[in-house]
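Each chain, letter by letter, is given below.
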Amino acid sequence: MSEPKFNNALVRWIDHRLPVFTFMHHEMHEYPTPKNLNYWWNFGSLAGIVLVIMIMSGIVLAMHYTAHVDHAFQSVERIMRDVNYGWLVRYIHANGASFFFIVVYIHIFRGLYYGSYKAPRELLWMLGVVILVLMMATAFMGYVLPWGQMSFWGATVITNLFSAIPLVGESIVTLLWGGFSVDNPTLNRFYALHYLLPFVIVGVVVLHIVALHRFGSNNPLGIDVRGNQDTISFHPYYTVKDAFGLGVFLVLLSAVVFFLPNSMGHPDNYIPANPMVTPAHIVPEWYFLPFYAILRAIPDKLFGVLAMFAAIGVLFILPWLDRSPVRSATFRPIYKVMFWVFLFDCVVLTWLGAKPAEGIYVLLSRLFTAYYFFHFLILLPVLSIFETPRALPRSIGKPILEGGGGAMAAAPAAPREKL
Amino acid sequence: MADTNEGTTRRDFIHVASATAGALGVACVAWPFIDQMNPAADTLALSTTEFDVSGVEEGMSVTIVWRGKPVFVRHRTEKEINEANAVKLDELPDPQIDSDRTTKPEMLVLLGVCTHLGCVPLGQSSTDPKGEWGGWFCPCHGSHYDTSGRIRKGPAPTNLAVPPYKYISDSVIKIG
C-alpha cells in the first residue's frame, strides 16, 4: 500500500486532516483485485448502483405520493399523468425493483457456484443474506403503496403469514395492521418503513463492502491470491469493466422501462383496493414466487410458513453446510452438476409459484421444495465428504503464464503501467 | 498502443470522449429528475381564476385565491383614488402612476403578497391596520403600502404586484 500523491493542493490540505481521498484511493483505485474475475463479478457493484437508482427515483416518488387510503391510488395516477416525467420515474422505480432482484439473484448464484461463502468470507455472505431479506421486506411494502387490488390483497396475505405463529399469532397480525384489517394505519407504517429500510440496506451494504475488502474478492478459480502477480488494481481495470456492464444493464433496463413497462406487473393493481373483493388469482411479484411455491407446497399453515422462512434461513448457515475446502465449482465435478440441478429447481419453483395451487402443480411443488432443502441439508454436507475435487492450480498466475489458459490467455501477464 | 506522440495519445482521446458521453448521459437523466419538481399538469390547469367583481361594494375589499396565493380586490372610494393620484412620483421608492395599476380606476386588483419576503399584508378587513398611507401594512417587517398598493415605507423593494387579469365581461375578471 503506497501513500497516494495528490497533485491538487486543496485535496492534499483536506486529506491531511480528513483522509477521505487516501481512503478512496486505497479502496476504489489501487485496491488489489484478482486479475481473473469474469463478468459474473460485475453484479456486486451493479447491485450497489441499482440501489442508488432505486433510492433516487424513490425519493422523487415520495415527493408526490400521498400515504392515505383515500388518496394513495389517486396520487399514483397523478404521478403517471400529471407530474412532469412522473411516468418515467415511476416506471424506473417499479421495473428497477425487478431488475434489482435479477441482479442480486445472479450475484447470489455466482457466490454459490464459486463458493464465495466459504472461509474467510462467511460473514460477508451472511451480510449479503441480510441484505436480501431487507430487500424483500422493502419490495413487499413498496408494492403495497399504490393501494391497488394486488397491493391490498398481497399485504393481507403476507401479514397473515404471521398468524401461523402459535398462541400470539393473531395478536401479532393485529399489531402489524394497527387495526383489524389492512387499512390506513397499515399503509402509513408501510410507507414509513419503505422509506427507512433502503437506508438500512445502505448501512449493511457498507458492512458488506468492509467485509469484502478484508480479504478481497473471491475469483473463478476459488484459490487465494498469492501475491501482487495475481492481482491488478481496481481502477482502471475493474472500474472500466463495471462501467461497461453498467452500460449493458442500463440498455436492458431502458428497453423495459420505455417499451414493456408493465410486463412484470399485474393489471389488477390498476384497480383501486377493494377490501370486499379478492381478485381471482393472487400472485406475488415474480421475485417472491419460489418462496411462495414453497409456502403452498406444505399442507399445514404453520409448517408452510416455517418452510418459506427456512428457505432463506438455510442460506445463513450455508458456509457450515458445505464443508468442502474447494471453493470453485470448476474443480468440483459433482457439485458443478448439482449446482445446475439446483438452479433448475429454483427456476421450476418460480414457475410453480405462479401456477394455481391445484392438481399436478401441488405435487410438483412438493417435489421441488423437497429437493431445495435436500440440496442444502443433505447433498452439500455429504458431497463435502465424498466428492474428490480436481487438482487446484498453484496460483492464479500459473494457468495463465504456462499457456493454454483458454480465454484467460488473452489477459496481459502483467498490468500495463499507463495513465 | 499505436502511435504515441508527445502529450496526447489515443487513450487520452478515449478518456475525453467517454467522459463527455458520460456527462451528456447524466445530464439527460438529470433533467427529468429536476423537472418533476416543476408544477404538474393538474397544478398548471388551476392557474386561472375567474371572479365577479360586481358584488364588491364601494369601500369593500375581498380576498380571492389565485394559484394558491391571495389576490386583493378592492373597490376604492373616490377619496382613495384621489389620494393615489395626488402623490408625486419622485416620492415613491418604486415610481408608478395609479392608472397604470388598474384597468378600471375604482377596482384595484393586487397580488396580496408583500414584495419583501412574501407575507400577506393587513388592510383587507375594516379593523386591520392599514399603514400610514391608508392602504396595506405588512406586519412581518413593517412595510407600508398606499391606496394604490405602492410601497411607501419599509423594507419591501417594489409595489404590490398587479396580477395579469382582464375583464371578460363588464363585471367578471379572469386572473392569470
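1. Concerning the overall build of chain B
A tally of regular secondary structure across chain B gives 3 helices and 9 strands. Secondary structure elements of chain B, listed N to C terminal, follow the sequence α-α-β-β-β-α-β-β-β-β-β-β. The C-alpha extent of chain B, read off along each of the three principal axes, is 90 × 35 × 25 Å. For chain B, the proportion of its 176 residues judged to be buried stands at 36%. Considering only contacts in chain B between residues 6 or more positions apart, those separated by 24 or more positions represent 52%.

2. Points about the overall build of chain A
Within chain A one finds 16 helices and 2 strands. Long-range pairs, those at least 24 residues apart, make up 79% of the contacts in chain A between residues at least 6 apart in sequence. Carbon and sulfur atoms make up 71% of the accessible area of chain A, which amounts to about 21,000 Å² in all. Counting 27 positive and 22 negative side-chain charges, chain A places the centres of these two groups 8 Å from one another.

3. Thoughts on the sheet that holds strand β8 (residues 165–167) of chain B
All names here are of chain B. In space, the 3 strands of this open sheet follow the order β1-β9-β8, with antiparallel pairing throughout. The sheet terminates laterally at β1 (49–52) and β8, the two strands that pair on one side only. The average angle at which neighbouring strand axes cross in this sheet is 20 degrees, direction not considered. Summarising the sheet, β8 and strand β9 (residues 172–175) pair through 3 bridges and their orientation is antiparallel. When the bridges of β9 are listed, Lys166 appears paired with Lys174.

4. A word on the environment of A:Tyr65
All names here are of chain A. Checked against the element boundaries, Tyr65 lands in the loop between α3 (43–62) and α4 (72–81). Among the residues examined, Tyr65 registers a relative accessible area of 12% and is labelled buried. Setting aside residues up to four positions removed in sequence, Tyr65 forms contacts with Ala72, Ser75, Val76, Ile79, Leu145, Leu187 and Tyr191. One polar contact links the side chain of Tyr65 to the main-chain carbonyl oxygen of Leu145, over a distance of 2.6 Å.

5. Let's talk about the sheet that holds strand β7 (residues 151–153) of chain B
All names here are of chain B. Taken together, the 3 strands give an open sheet; going across it, the order is β5-β6-β7, and neighbouring strands pair in antiparallel fashion. Both edges of this open sheet fall to β5 (134–138) and β7, since each of them pairs with a single strand only. The average angle at which neighbouring strand axes cross in this sheet is 35 degrees, direction not considered.

6. A word on the domain arrangement of chain A
Residue and element names in this part refer to chain A. Under the domain assignment used here, chain A contains domain 1 (36–282) and domain 2 (283–388). The straight-line distance from the C-alpha centre of domain 1 to that of domain 2 is 21 Å. Listed as interface residues are 44 residues of domain 1 and, on the opposing side, 39 residues of domain 2. Carbon and sulfur atoms make up 69% of the surface buried where domain 1 meets domain 2, a total of about 3,600 Å² over both sides. Across the pair Asp322 and Lys118 runs a salt bridge whose closest N-O atoms are separated by 3.1 Å. At the junction of domain 1 with domain 2, the criterion picks out 18 residue pairs in polar contact (both at pLDDT 80 or more). Elements supplying a minimum of two residues to the side of domain 1 that touches domain 2: α5 (86–114), α6 (122–144) and α7 (149–160). Take the side of domain 1 that touches domain 2: its biggest share by element is 11 residues, from α6. Of the residues that constitute the side of domain 1 that touches domain 2, the class distribution is 32 nonpolar, 8 polar and 4 charged.

7. Focus on the interface of chain B and chain A
Between chain B and chain A, the contact holds 15 residues from the first and 14 residues from the second. Summed over both partners, the interface of chain B with chain A comes to about 1,300 Å²; 61% of that surface belongs to carbon and sulfur atoms. At the junction of chain B with chain A, the criterion picks out 1 salt bridge. With a closest N to O distance of 2.5 Å, B:Asp42 and A:Arg78 form a salt bridge. Seen at the junction of chain B and chain A, the total is 6 residue pairs in polar contact (both at pLDDT 80 or more). Broken down by secondary-structure element, the contributors of at least two residues to the side of chain B that touches chain A are α1 (10–35) and α2 (41–45) of chain B. At 6 residues, α1(B) tops the list of elements feeding residues into the side of chain B that touches chain A. The residue inventory of the side of chain B that touches chain A, partitioned by class, reads 7 nonpolar, 5 polar and 3 charged.

8. Points about the pairing of β9(B)
Residues and elements named next belong to chain B. Where β1 meets β9, 4 bridges bridge the pair, whose relative direction is antiparallel. Across the sheet, the residue bridging to Thr49 is Ile175, located in β9. Counting the residues between successive antiparallel strands, the hairpin from β8 to β9 contains 4 residues.

9. Examining unusual backbone geometry
Residue and element names in this part refer to chain A. Following Ala119, the chain continues to Pro120 via a peptide bond in cis, the omega torsion being 5 degrees. His235 connects to Pro236 through a cis peptide bond whose omega is 5 degrees. We note that Tyr85 has phi near 55 degrees; this positive angle belongs to a residue other than glycine. As for its placement among the helices and strands, Tyr85 is situated in the loop between α4 and α5. Classification of Tyr85 by relative accessible area gives partly exposed; the value is 30%. Even without a glycine there, the phi angle at Leu167 is positive, about 65 degrees. Secondary-structure assignment places Leu167 in the loop between α7 and α8 (169–177).

10. Quick look at the confidence of the model for chain A
Any region with low pLDDT has predicted coordinates that should not be read closely. On average, residues of chain A score 93 in pLDDT, and 94% of them reach the 70 mark or higher. Here residues 405–419 of chain A is a poorly scored stretch, pLDDT under 50, and it has 13 contacts once near neighbours within four places are set aside; other chains count.

11. Brief notes about a nonpolar patch on the surface
Among the surface-exposed residues, A:Ile59, A:Met63, A:Tyr195, A:Phe199, A:Val202, A:Val206, A:Val210 and B:Met37 lie close enough to one another that they form a single nonpolar patch of about 710 Å² accessible area. Ranked by residues supplied to the nonpolar patch, first place goes to helix α9 (residues 184–215) of chain A with 5 residues. Tracing the backbone shows A:Val202 in helix α9.

12. Considering helix α3 (residues 78–86) of chain B
All names here are of chain B. If you check which residues of α3 are buried, you get Glu80, Ile81 and Ala84. Along the long axis of α3, the arc covered by the buried residues comes to 100 degrees, so they all point the same way. Exposed and facing more than 90 degrees away from the buried side of α3 are Glu78, Lys79 and Ala86. Here the buried face of α3 lies against β3 (69–75).

Reading the values: the criteria
Residues numbered from 1 in each chain as written. Chains lettered and ligands numbered in written order. Predicted model: local features only at pLDDT ≥ 70, side-chain atom pairs only at ≥ 80, totals over all residues. Heavy atoms only, no water. Helix = DSSP H or I, 4+ residues; strand = E, 2+ residues; numbered from the N terminus. Buried < 20%, exposed > 50% of the residue type's maximum accessible area, 1.4 Å probe, protein only. Contact = heavy atoms within 4.5 Å. Areas by Shrake-Rupley, 256 points an atom, 1.4 Å probe, with all protein chains shown as cover. Lys, Arg positive; Asp, Glu negative; His and termini not counted. Charge placed at Lys NZ, Arg CZ, Asp CG, Glu CD. Pairing = 2+ DSSP bridges. Axes fitted to C-alpha atoms, helices over the stretch in contact; angles between N-to-C directions. Polar contact = N/O pair within 3.5 Å; in protein donor to acceptor, adjacent residues only side chain to side chain. Domains from an automatic or database assignment. Buried area = accessible area lost by both parts, 1.4 Å probe. Salt bridge = Lys/Arg side-chain N within 4 Å of Asp/Glu carboxyl O. Nonpolar A, V, L, I, M, F, W, Y, C, P; charged D, E, K, R; others polar. pLDDT = per-residue confidence, 0-100. Patch = residues over 30% accessible without salt bridge, like charges linked within 9 Å, V, L, I, M, F, W, Y side chains within 5 Å. Arc of directions from axis to C-beta.

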